[in-house]
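# Close look at the chain arrangement
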Amino acid sequence: GEDDLGVLSLPIDLANFSIIIRGTNFRIEPSLGYFSTSSDYSSQGYTGNSSTSNFRIGSLVAYNNNSIESMNFYYGLVFGVLFTSSSYENNYPGSTNNDDSKTDFFIGPAIGGEYMINDHFSFGGEINVNYISIGQYDSDDSDYDRSQSAISTRGIITVRWYVN
């Protein structure tokens, strides 16, 4: 017989752009990120495609510990908004195409560190745990009220350039 093929797809933040504002004992890192997936498929003369895009706006507000030689450690709070849009099209009889969007919110603790190579460049890492309040899609029935949430971990490898 034929083998069934299973596909696992996980959204991953590939890159965020941050502007770091840091003082003696604090840092604020507003950030923007984007992630998109798409798929096309066909079966017995029918075709379809779907796509999803996520736009992330967030920030880290953190306390900097005193530097230990070239190492900086920080801990704080990360929070933000995820805007999601999705599209689905096919030529199956009786089905409809769909464009939809929703907004999610996230917040959680973060801890990180970085090794300062010189005054302008660093390599580091950060981990955080996010509580995510998952919004309803615009096309959801207005009489149908649903509440969804998720807990997510996130690991980040950072390369930073400081323009000080």
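Summarised in this report is the structure supplied together with it. (Residues numbered from 1 in each chain as written. Predicted model: local features only at pLDDT ≥ 70, side-chain atom pairs only at ≥ 80, totals over all residues. Heavy atoms only, no water.)

### Some words on the overall build of the chain
Each helix and strand counted, the chain has 0 helices and 8 strands in total. Taken from the N to the C terminus, the helices and strands of the chain come in the order β-β-β-β-β-β-β-β. Of all 164 residues assigned to the chain, the portion counted as buried reaches 27%. Of the contacts made within the chain by residues no fewer than 6 positions apart, 57% connect residues no fewer than 24 positions apart. Here the chain has roughly 11200 Å² of accessible surface; of this, 57% comes from carbon and sulfur atoms. (Helix = DSSP H or I, 4+ residues; strand = E, 2+ residues; numbered from the N terminus. Buried < 20%, exposed > 50% of the residue type's maximum accessible area, 1.4 Å probe, protein only. Contact = heavy atoms within 4.5 Å. Areas by Shrake-Rupley, 256 points an atom, 1.4 Å probe, with all protein chains shown as cover.)

### A closer look at a nonpolar patch on the surface
A grouping of Phe17, Ile19, Ile21, Phe26, Leu32, Tyr34, Phe55, Ile57 and Phe83 is seen on the molecular surface, where their side chains present a nonpolar patch of about 870 Å² in accessible area. Counting residues per element, the ones that place at least two in the nonpolar patch are strand S3 (26-43) and strand S4 (46-64). At 3 residues, the largest contribution of residues to the nonpolar patch is made by S3. Here Ile21 shows up in strand S2 (residues 21-22). Looking at Ile21, the relative accessible area reads 44%, which means it is partly exposed. (Patch = residues over 30% accessible without salt bridge, like charges linked within 9 Å, V, L, I, M, F, W, Y side chains within 5 Å. Salt bridge = Lys/Arg side-chain N within 4 Å of Asp/Glu carboxyl O.)

### What about the nonpolar core?
Core analysis: the biggest nonpolar cluster contains 8 residues, these being Leu60, Ala62, Tyr74, Val78, Leu82, Phe106, Ala110 and Ile132. Of all the elements in the fold, those that place two or more residues in this core are S4, strand S5 (71-90) and strand S6 (98-116). Broken down by element, this core gets its largest block of residues, 3 residues, from S5. Not counting the four nearest positions on each side in its chain, Leu82 is found in contact with Phe55, Arg56, Lys102, Thr103, Asp104 and Phe106. (Core = buried A, V, L, I, M, F, W, Y, C linked by side-chain atoms within 4.5 Å.)

### Notes on the packing of aromatic side chains
Counted by the stated rule, this structure contains 1 aromatic pair. Seen in terms of ring centroids, Tyr63 and Tyr75 are 5.5 Å apart; in terms of plane orientation they differ by 55°. Their pairing is tilted. Placement of Tyr63 in strand S4 and of Tyr75 in strand S5 is noted, with a sequence separation of 12 residues between them. The ring centre of Tyr74 lies 4.4 Å from the NZ or CZ of Arg27, which sits over that ring. (Phe/Tyr/Trp six-rings, centres within 6.5 Å; stacked < 30°, edge-to-face > 60°. Lys NZ or Arg CZ within 6 Å of the ring centre and 35° of its normal.)

### A few points about the environment of Phe121
Its place among the elements puts Phe121 in strand S7 (residues 121-134). Spatially, the C-alpha atom of Phe121 lies 6.2 Å from that of Tyr162, the residues being 41 residues apart in sequence. Other than its neighbours up to four places away in sequence, Phe121 contacts Tyr115, Met116, Arg160 and Trp161.

### What about the environment of Ile28?
Structurally, the position occupied by Ile28 is in strand S3. Residues contacting Ile28, with those up to four places away along its chain left out, are Ile19, Ile20, Ile21, Ser59 and Leu60.

### Things to note about the pairing of S7
In terms of strand pairing, S6 meets S7 through 10 bridges, oriented antiparallel. Looking at the pairing, Ile111 lines up with Ile127 of S7. Between S6 and the antiparallel strand that follows it, S7, lie 4 residues. Here 14 bridges tie S7 to strand S8 (residues 148-161), and the two strands are oriented antiparallel to one another. Opposite Phe121, over in S8, you have Trp161 as the bridge partner. (Pairing = 2+ DSSP bridges.)

### Some details on the pattern of salt bridges
This model, assessed by the stated rule, comprises 5 salt bridges. Notably, a salt bridge pairs Glu114 with Arg27, separated by 2.7 Å at the nearest N-O pair. One end of the pair, Glu114, is in strand S6; the other, Arg27, is in strand S3, and 87 residues separate them in sequence. For the residue pair Glu114 and Arg27, the accessibility class agrees, reading buried in each case. Here Arg160 makes a salt bridge to Glu29, at a shortest N to O gap of 3.2 Å. Residue Arg160 is found in strand S8, and its partner Glu29 is found in strand S3; the two are separated by 131 residues along the sequence. No difference in accessibility class separates Arg160 from Glu29, as the two residues are buried. Residues joined by salt bridges that share partners form a network here, namely Arg27, Glu29, Glu114 and Arg160.

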